[in-house]
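Next come the chains, spelled out residue by residue.
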Amino acid sequence: MNVVMLGRPGAGKGTQSKSIASQRGLRHLSTGELLRTAKQQDTPLGRRIAQRIDAGDFVTDELAMSLVEQAMQSPSQLGYVFDGIPRTLGQDSLLSDSLAKLGNKIDLAILLDVGEETVRNRLLNRAAIEGRHDDTVETIGHRLAVYETETSPLVDCYRQQGVLRSIDGSGTPEDVLCLVLAALDEMTPGEAALNAI
Ligand code: AP5
Ligand code: MG
């Protein structure tokens, strides 16, 4: 099963992806994490990535997808949780094509629905703990604007395909996880019965 996590910056995509990957045996692929690793390299590409993500701007669709394809070279038997990709309609085509070559598809898109004020507060709290360069008041505002223009059209796209589940992501991480797991189990009722044993 291949799951796409959607939601504003700070909606909890990373937090929930890690939990569902470990509970359902899926592989978690985070483009943010792949890019933060790549930016540490002292190369022209590493510096270009640093410039883009520290400013809250996207890297190109092709670069994001190439990192994901590299990570998918050792295949996951049960599927993937895609965290941070697709972020544009172009990336949706690239990812869908890539999965189709393996005889797979996006089975479920989970939208973690969390209001702007809540995500701003979460990211500012995280800034104090993790010191991510893009967790500043100004860059958070820019990332939220980019999300609205570039990423939010994917919500309608997945709704039309019948694979979207919108979940209230404003509760505690544990509450949200229950809702996310229920959405996954709706897609795979047989496996849900096995997990309950
Ligand atoms: P990425 O790392 O994906 O950042 P993001 O989308 O801005 O999302 P975050 O990681 O900030 O938030 P999240 O939704 O994962 O929430 P989290 O669980 O961490 O991407 C970074 C950058 O890389 C992008 O801006 C872009 O430049 C580039 N990039 C990445 N992918 C790209 C792509 N495909 N194409 C082009 N460019 C790309 O939670 C946030 C905080 O809240 C944490 O502190 C967490 O502990 C806390 N929290 C989580 N859930 C809850 C809860 N329920 N209640 C209270 N606190 C919570
Ligand atoms: Mg994240």
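Preceding this section is the structure that the text describes.
So, how was this worked out
- Residues numbered from 1 in each chain as written.
- Chains lettered and ligands numbered in written order.
- Predicted model: local features only at pLDDT ≥ 70, side-chain atom pairs only at ≥ 80, totals over all residues.
- Heavy atoms only, no water.
- Helix = DSSP H or I, 4+ residues; strand = E, 2+ residues; numbered from the N terminus.
- Rg over C-alpha atoms; globule rule 2.2 N^0.38 Å.
- Contact = heavy atoms within 4.5 Å.
- Areas by Shrake-Rupley, 256 points an atom, 1.4 Å probe, with all protein chains shown as cover.
- Lys, Arg positive; Asp, Glu negative; His and termini not counted.
- Charge placed at Lys NZ, Arg CZ, Asp CG, Glu CD.
- Pairing = 2+ DSSP bridges.
- Axes fitted to C-alpha atoms, helices over the stretch in contact; angles between N-to-C directions.
- Salt bridge = Lys/Arg side-chain N within 4 Å of Asp/Glu carboxyl O.
- Buried < 20%, exposed > 50% of the residue type's maximum accessible area, 1.4 Å probe, protein only.
- Core = buried A, V, L, I, M, F, W, Y, C linked by side-chain atoms within 4.5 Å.

A.B. asks: For this particular structure, what's the right way to read the overall build of the chain?
C.D. replies: Regarding its fold elements, the chain presents 10 helices and 5 strands. The globule rule puts the C-alpha radius of gyration for 197 residues at 16 Å, and the 16 Å found for the chain is close to it. With respect to the principal axes defined by its C-alpha atoms, the chain has extents near 45 × 35 × 30 Å. Put simply, of all contacts in the chain between residues at least 6 apart along the chain, 73% involve residues at least 24 apart. A total of about 10,200 Å² of accessible surface is found on the chain, and carbon and sulfur atoms cover 52% of it. Within the chain, the 27 negative side-chain charges are centred at a point lying 3 Å from the centre of the 20 positive side-chain charges.

A.B. asks: Would you mind showing me how to read the sheet that holds strand 5 (residues 164-168) here?
C.D. replies: Backbone hydrogen bonds are what pair the strands of a sheet, in a parallel or an antiparallel way. Read from one edge to the other, the open sheet built from 5 strands follows the order 2-3-1-4-5, with strand pairing classed as parallel. Each edge of the open sheet is held by one strand with a lone partner, namely strand 2 (27-30) and strand 5. If you compare each strand with its neighbour and ignore which way they point, the axes differ by 20° on average. Across 5 bridges, the pairing between strand 4 (residues 108-113) and strand 5 is parallel. From the neighbouring strand, L112 faces strand 5, where its bridge partner is I167. Packing of helix 8 (residues 153-161) onto the sheet brings it into contact with strand 1 (3-6), strand 4 and strand 5, and relative to strand 1 it is tilted by some 145°. Here helix 9 (residues 173-187) sits on the sheet and contacts strand 1, strand 4 and strand 5; the angle it forms with strand 5, its principal contact strand, is near 160°.

A.B. asks: Got a minute to help me understand the pattern of salt bridges in this structure?
C.D. replies: Opposite charge on two side chains lets them pair, provided their charged atoms get close. Under the counting rule described, the total for this entry stands at 13 salt bridges. The salt bridge partner of K18 is E33, with a shortest N-O separation of 3.7 Å. Taken as a pair, K18 in helix 1 (residues 13-24) and E33 in helix 2 (residues 31-39) lie far apart in primary sequence, 15 residues in all. For E33, a relative accessible area of 37% corresponds to the partly exposed category. One salt bridge connects D134 with R132, and the closest N-O pair in it is separated by 2.9 Å.

A.B. asks: Could you clarify how one ought to interpret the nonpolar core in this entry?
C.D. replies: Nonpolar side chains tend toward joint burial in soluble globular proteins. One finds V4, L6, F82 and Y158 to be the most contacted residues of the largest nonpolar core, which totals 29 residues. Mapped by element, the contributors of at least two residues to this core are strand 1, helix 2, helix 3 (44-54), helix 4 (61-71), strand 3 (80-83), helix 5 (89-101), strand 4 and helix 8. Counting residues per element, this core draws most heavily on helix 4, at 6 residues. Apart from the residues lying within four places of it in its own chain, the contact partners of F82 are N2, V3, V4, M5, L29, V68, M72, L95 and L99.

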